[in-house]
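# Chains, contacts and geometry: an overview
Given next are the chains, with one letter for each unit.
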Amino acid sequence: MKGINKLGKIVTKILEVFHWVAVALMTAAAVCSMSAPDWIGYFVSFDAKECCGANLEVYGFEVNAPVTNGNVDMTTFLLFGIGAIIILALMAMVFRNLHLIFKKSENATPFQKDNIRMMKEIGIFAIAVPIVGLAMSIIARIVIGVDLAAEISVDTSGIFMGIIVLCLTQYFIHGAALEKDVEGLL
């Protein structure tokens, strides 16, 4: 069990850092989309033809941005960037909480109040990812317009994962209560 716990701590910390770096890069790319659109090529490789558009995707939030004269529509890219920043930050928080759960459970019981709170947050963050994608899709449709060829899709599997985590949290609450009862008997 200690080997799995150690591996879990390492992997979750790496993924957390990776997501925070992705947040910083996506923020820079979103700023560049409005202030220096020529620099976008440094952040994203567009191998798109004018007929198909540039496919941008992060955790199920997908935007097929229109390309005209070899350039991606920067408004579409900016809206995608805003959604991607929020989604990547939520996922960074998921991995942060997972890392802290591994860390706190190392030499103690996993049925701790902080672990239960962090599991609830993981469930909420998992549900929030597709909701943010859906909200940004609606905003993009309003701002860009339906006539422009920006195709948008959202993967809702995060909602189901979040519900599962929230349900598992209830078992951890029950486990904590049982553990407290046992300690009271001893």
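To keep things clear, this report deals only with the structure shown in the data block. (Residues numbered from 1 in each chain as written. Predicted model: local features only at pLDDT ≥ 70, side-chain atom pairs only at ≥ 80, totals over all residues. Heavy atoms only, no water.)

## Some thoughts on the nonpolar core
For clarity, the cut-off: For our purposes a nonpolar core is just a set of buried Ala, Val, Leu, Ile, Met, Phe, Trp, Tyr and Cys residues, chained together by side-chain atoms within 4.5 Å. Throughout this description, buried means an accessible area under 20% of the type-specific maximum (1.4 Å probe, protein chains only), exposed means over 50%, and partly exposed covers the range between. Helix and strand assignments come from DSSP, with helices taken as H or I runs of at least 4 residues and strands as E runs of at least 2, each series counted from the N terminus. Residue contacts follow a heavy-atom distance rule, with two residues in contact if any of their heavy atoms lie within 4.5 Å.
Of all hydrophobic cores here, the largest spans 33 residues; its most connected members are Met-26, Val-58, Phe-61, Phe-77 and Phe-80. Residue assignment for this core shows that the elements contributing at least two residues are α1 (2-35), β1 (54-58), β2 (61-65), α3 (74-104) and α4 (113-144). If you tally residues by element for this core, the top one is α3, at twelve residues. Filtering out sequence-adjacent residues up to four positions away, Val-58 remains in contact with Phe-80, Ala-84, Ile-87 and Leu-88.

## Observations concerning the packing of α1 against α3
This is how it is decided: Axes, fitted as lines to C-alpha atoms, cover a helix only where it is in contact. Angles between the N-to-C directions of the axes lie from 0 to 180 degrees. Put simply, angles under 35 degrees are roughly parallel, angles over 145 are roughly antiparallel, angles from 65 to 115 are roughly perpendicular, and the rest are oblique. The crossing is said to be left-handed when, going from far helix to near helix, the turn is anticlockwise and less than a right angle, and right-handed when the turn is clockwise. Classes in brief: Ala, Val, Leu, Ile, Met, Phe, Trp, Tyr, Cys and Pro nonpolar; Asp, Glu, Lys and Arg charged; the others, Gly included, polar.
It is at 8 Å that the axes of α1 and α3 come closest, and there the two elements cross at 160 degrees. Overall, the two elements α1 and α3 adopt an arrangement that is roughly antiparallel. For the element pair α1 and α3, the recorded crossing hand is left-handed. Residues that form the contact of α1 with α3 fall into these classes: 22 nonpolar, nine polar and five charged.

## Digging into a nonpolar patch on the surface
Defined as follows: What makes a patch is a set of residues exposed beyond 30% relative accessible area and free of salt bridges, joined within 9 Å when like-charged and within 5 Å when nonpolar (Val, Leu, Ile, Met, Phe, Trp, Tyr). Computed with a 1.4 Å probe, the accessible areas rest on the Shrake-Rupley method; for each residue, only the protein chains presented here act as cover. The working definition used for a salt bridge is a side-chain nitrogen of Lys or Arg within 4 Å of a carboxyl oxygen of Asp or Glu.
On the surface, a nonpolar cluster with roughly 480 Å² of combined accessible area is contributed by Leu-134, Ile-138, Ile-139, Ile-142 and Val-143. Position of Ile-138 among the secondary structure elements: in helix α4. The class for Ile-138 is partly exposed, based on a relative accessible area of 47%.

## Considerations on the side chain of His-99
The criterion, for reference: We call two N or O atoms a polar contact when they sit within 3.5 Å, provided that within protein one can donate a hydrogen and the other can accept it, with sequence-adjacent residues counted only if both atoms are side-chain atoms.
Locating His-99 in the fold gives a position in helix α3. For His-99, the side chain forms a polar contact with the main-chain oxygen of Lys-9, separated by 3.0 Å. Apart from residues lying up to four places away in sequence, His-99 is in contact with Lys-9, Thr-12 and Lys-13.

## Some words on the side chain of Thr-169
If you trace the backbone, Thr-169 turns up in helix α5 (residues 157-185). Discounting residues that sit within four places of it in the chain, Thr-169 has contacts with Ile-116, Met-119 and Lys-120.

## As for the packing of α3 against α4
At a minimum axis separation of 9 Å, α3 and α4 run at an interaxial angle of 175 degrees. Between α3 and α4, the interaxial angle falls into the category roughly antiparallel. For the contact of α3 with α4, a count of residues per class yields 23 nonpolar, six polar and three charged.

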